[in-house]
Amino acid sequence: MREVHIHDTLTGEVLPLRPRDPGRVGVYACGPTVYSRIHVGNARPFVVFSLLKRFLEHEGYDVDLVINVTDVNDKIYDAARAQGRPSAELAAEMTDLYRADTDLLGLGRPDHEPLASETIAEIIDYIQTLVDRGHAYAAGGDVYFRVRSDPDYGTLSHRQLENMDQGEDDSDPGAPAARKEDPLDFALWKAHKPGEDTVWEAPWGPGRPGWHIECSAMAESLLGVGFDIHGGGSDLVFPHHENEAAQTRAARGTELARLWMHNGMIQLTGEKMAKSLGNIAPLHDVLAEHGPQAIVMYLISGHYRQPLAFSESELQDAERRIQRIRDALRRLEQGRPSPPDMAHHTRAFFDALANDFNTPAALAAMFEWVREANRRGGGVGDADLREMLDVLGLGALSPLALVGEVSSVDPEATSLLAQREQARGERDFDAADRMREELRRRGWEIRDGPEGPELIPSAAN
Ligand SMILES: [Zn+2]
């Protein structure tokens, strides 16, 4: 078991992971708000924390990974109203689609995926505790957290109180926020408003929870307080995580998490790209075009704390790296141990992951291994490369990619590919698309390589 170090947003330092319960690591990462299909930016924390779990398990830890679903939220009410549908129906549909889209990444599911709508009793209890301890107050059916009652408020996001804006629209005198004792305070419970079609009874009147208390309640009910790693996108540090941390200090007198781990944002590069993609690239579209392994490879190509550029050329680079692994696998002896004198590359790979989950450094070590294996030609066993790929969620990568090799296991697929080529030759692109879809149903993706089209097994295969 290596000593694992992780950068902690609270202290600003890279700290050793010292689990609350030796050998066990509890991780809570904030999941999506389900008002539309998720985009590639939402996939980054899903991939980072799913792979962190795989790495920690490789090191011998028991890992409990929680990624919640925020299914009660202003954005959902707004989107549902715009579409003229019940908000609960929209949230349920988008939750199913979120699960389907992330399933396609081939990384499995988190251990727990709590829904805010199924944690309401715990949320109400939590708010009551904050009111009883003087850290929260009811006002006109709302309940607000009294920010100045927490002397440590601001320590996570390293902000001064005067530079804070909860984003709860304090400027409108008719807005509920006008009921706050202090503009710094934030909502724990929001009184029912006309046009909101879900509502729960509470001691302060009918309404629904605020976003921050939802996560505190979901995290605590599954992992307890003082769990090991609280994660999410860096855009959540303030106010979301600052408020989660304050709620736990105020209600329980202790810290919610031992380490706060934040991933950087996905950035669109180049005006042209931004125009064609709008502000979002839906994950399912990107997956359909590039395949799950290239998307995982793309998302780990930069250090998780850095912003990651999103562009067609970045995705093509990732596809090329996947293809290099595939090419190497084809030459390796399958199911055989790897040469011990190449093991230093494998050690460097895992050491890089232990050092603040440095995936680009780990990938560099893995490709050193691949280069060395290629240089040696035949007789190299694939075990070490398989071990590294498994931790990266790329264990399903198959060397099988050449049409000649596919024809022996699925002759129908090679015939479909030939028909698709013919249709393309005749400029019948509808027919060509149908063949591509049919191949996809059979578990094959088409890759147009330098030597003509190839069939590549999709992740599920
Ligand atoms: Zn959250």
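What you see is a predicted model; the values in this text were computed from it and never measured.

## Quick look at the nonpolar core
Generally speaking, nonpolar side chains in soluble globular proteins are found buried as a group. Counting 115 residues, the largest nonpolar core has Val 27, Val 47, Ile 127, Leu 130, Leu 188 and Val 296 as its most contacted members. If one sorts the elements of this core by residue count, helix 1 (residues 40-58) sits on top with ten residues. Among the nonpolar cores identified, the runner-up in size contains eight residues, and Ala 413, Met 435, Trp 444 and Leu 455 belong to it.

## Observations regarding helix 16 (residues 429-441)
Since the α-helix turns once every 3.6 residues, residues separated by three or four places project in the same direction. With 13 residues, helix 16 ought to run about 18 Å at 1.5 Å a step, and its terminal C-alpha atoms sit 18 Å apart, in line with that. All buried positions along helix 16 are accounted for by Met 435, Arg 436 and Leu 439. Taken end-on, helix 16 shows its buried residues confined to a sector of 100 degrees, consistent with a single buried face. The exposed set on the far side of helix 16, more than 90 degrees from its buried face, consists of Asp 430, Glu 437 and Arg 441.

## Here we look at the sheet that holds strand 3 (residues 24-29)
Strand order in the open sheet formed by four strands is 4-3-9-10, and the pairing between neighbours is parallel. If you trace the sheet from one side to the other, it starts and ends with strand 4 (62-67) and strand 10 (257-263), each paired once. Neighbour-to-neighbour, the strand axes of this sheet turn through a mean angle of 20 degrees, independent of strand direction. Note: strand 3 against strand 9 (residues 227-233), three bridges, orientation parallel. Pairing of Ala 29 across the sheet is with Gly 231, part of strand 9. Helix-sheet contacts for helix 1 involve strand 3, strand 4, strand 9 and strand 10, and the interaxial angle to strand 4 is about 170 degrees.

## Brief notes about the pairing of strand 6 (residues 142-145)
Neither face of strand 6 is open: one carries Asp 142 and Tyr 144, the other Val 143 and Phe 145, and all of them are buried. Across four bridges, strand 5 (residues 136-139) lies against strand 6 in antiparallel orientation. Residue Ala 136 lies in a different strand from strand 6, and its bridge partner there is Phe 145. The turn joining strand 5 and strand 6, which pair antiparallel and follow one another in sequence, is formed by two residues; a positive phi near 60 degrees is taken by Gly 140.

Thresholds applied
Residues numbered from 1 in each chain as written. Predicted model: local features only at pLDDT ≥ 70, side-chain atom pairs only at ≥ 80, totals over all residues. Core = buried A, V, L, I, M, F, W, Y, C linked by C-beta atoms within 7 Å. Buried ≥ 20, exposed ≤ 12 C-beta atoms within 10 Å, placed from the backbone. Helix = DSSP H or I, 4+ residues; strand = E, 2+ residues; numbered from the N terminus. Expected span 1.5 Å × (residues − 1). Arc of directions from axis to C-beta. Pairing = 2+ DSSP bridges. Axes fitted to C-alpha atoms, helices over the stretch in contact; angles between N-to-C directions. Contact = placed C-beta atoms within 7 Å.

Geometric values such as these leave the question of function open.
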